[in-house]
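Coordinates in review
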Amino acid sequence: MFYYVLKYVILGPLLRLLFRPRIEGLEHIPEEGAAIVAGNHLSFSDHFLMPAIIKRRITFLAKAEYFTGLGLKGRLTAAFFRSAGQIPVDRSGKEAGQAAIREGLGVLNKGELLGIYPEGTRSHDGRLYKGKVGVAVMAIKAQVPVVPCAMVGTFEIQPPGKVVPRIKQVTIRFGEPLDFARYAGMENQKAAIRAVTDEIMYAILGLSGQEYVDEYAVKVKAAQAGQTKKFPRLRR
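Model, not experiment: these values are computed from the prediction. (Residues numbered from 1 in each chain as written. Predicted model: local features only at pLDDT ≥ 70, side-chain atom pairs only at ≥ 80, totals over all residues. Heavy atoms only, no water.)

**What about the packing of aromatic side chains?**
Evaluated as defined, the whole model comprises 3 aromatic pairs. Ring plane angle 70° and centroid distance 5.3 Å describe the contact between Phe44 and Phe48, whose orientation is recorded as edge-to-face. Like Phe44, the residue Phe48 is buried in the burial classification. An angle of 25° between the planes, with centres 5.3 Å apart, marks the rings of Phe60 and Tyr117 as stacked. Placement of the pair is Phe60 in strand 3 (residues 58–63) and Tyr117 in the loop between strand 5 (113–116) and strand 6 (128–129), with a sequence separation of 57 residues. Since its relative accessible area comes to 3%, Phe60 is described here as buried. (Phe/Tyr/Trp six-rings, centres within 6.5 Å; stacked < 30°, edge-to-face > 60°. Buried < 20%, exposed > 50% of the residue type's maximum accessible area, 1.4 Å probe, protein only. Helix = DSSP H or I, 4+ residues; strand = E, 2+ residues; numbered from the N terminus.)

**So, the pairing of strand 8 (residues 171–174)**
Taken residue by residue, a regular strand's side chains alternate between the two faces of the sheet. Alignment of strand 1 (residues 22–24) against strand 8, held across 3 bridges, turns out to be parallel. The residue of strand 8 that forms the bridge with Ile23 is Ile172. In the sheet, strand 7 (residues 146–152) pairs with strand 8 via 4 bridges, with the strands oriented antiparallel. Residue pairing for strand 8: Val152 is matched across the bridge by Thr171. (Pairing = 2+ DSSP bridges.)

**Focus: the side chain of Asn40**
Relative to the elements of secondary structure, Asn40 occurs in the loop between strand 2 (35–39) and helix 2 (46–53). A residue is classified by how much of its surface remains accessible, and Asn40, at 0% relative accessible area, is buried. A distance of 2.7 Å separates the side chain of Asn40 from the backbone nitrogen of Met151, its partner in a polar contact. Side-chain polar atoms of Asn40 contact the side chain of Gln210, separated by 2.9 Å. Once you skip the residues sitting within four places of it in the chain, Asn40 turns out to touch Asp46, Tyr117, Glu119, Leu128, Cys149, Ala150, Met151, Ile204, Ser208 and Gln210. (Polar contact = N/O pair within 3.5 Å; in protein donor to acceptor, adjacent residues only side chain to side chain. Contact = heavy atoms within 4.5 Å.)

Taken by themselves, the reported measurements are silent on function.
As C-alpha cells, this is what we get:
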C-alpha cells in the first residue's frame with residue numbers, strides 16, 4: 001500500500017514537478033505479465049525516477065548496503081527501500097550472484113516486473129560498462145521479455161558523491177522488448193548467456209548514446225582506487 005502512496009501521492013508527483021522527465025517508449029512496458037526492465041545506472045536518482053513514471057509496480061534488486069546504513073541518511077534510505085518493496089541482495093561472496101538470481105526469479109514467477117541494472121553498480125564516469133550475465137540467466141530461465149531502458153541526464157544531476165541532485169530535466173527511454181525464446185534451456189551455457197547479455201547492453205547503448213567500455217565497472221573502479229592509493233595526490 002505504501003508503495004502506491006509514494007508513487008502517486010508523495011514522491012511521484014514531486015519528481016515529475018522538479019525534473020520534468022521526458023519519457024519515450026513507455027508503451028513498450030507490458031501492461032501485464034512478467035518482464036524484466038534492464039537499464040543503465042548513472043545515479044542514485046535512477047532508483048526513484050524510473051519507478052515513478054512506470055504505471056505498474058516494479059521491484060528492484062537493491063544492494064544490501066542500502067538497508068544497513070548508519071545515521072539519519074542510512075535510516076531514511078533503508079526505510080524508503082523497505083517501504084518501496086525492494087529486495088536486498090548481498091553482493092559479497094561466491095553465492096551472491098546465485099542469490100540475486102533466485103530473488104529475481106521469485107519476482108518473475110509471480111508475474112511481476114523486475115528492474116535490474118546489468119552493470120551491477122553505478123557508472124562512476126558516465127560511461128556504459130559490460131553487463132553481468134545474471135539478467136540473461138533470469139530472462140532465459142523465466143522465458144520473459146527484457147525491456148531495455150536508458151536514463152539520460154541523471155549523471156549530470158547527481159554524479160557519484162553528490163547528495164542533493166541538481167534540478168534539471170532528464171530523459172527516460174524504453175526500447176522494444178527483446179525476446180530470447182530461441183535460447184530456451186540454455187541458461188547454463190556460457191556462450192548463450194554472454195550473447196544475451198551483450199544484446200541487452202547493445203540495446204541500452206543504442207538508447208543512451210553513452211560511450212561503451214568492454215570491462216566490468218567494478219573492476220575498473222577497483223583498479224582506479226588502487227592507483228589512487230599507490231600514487232597519492234600531492235597537497236600543495
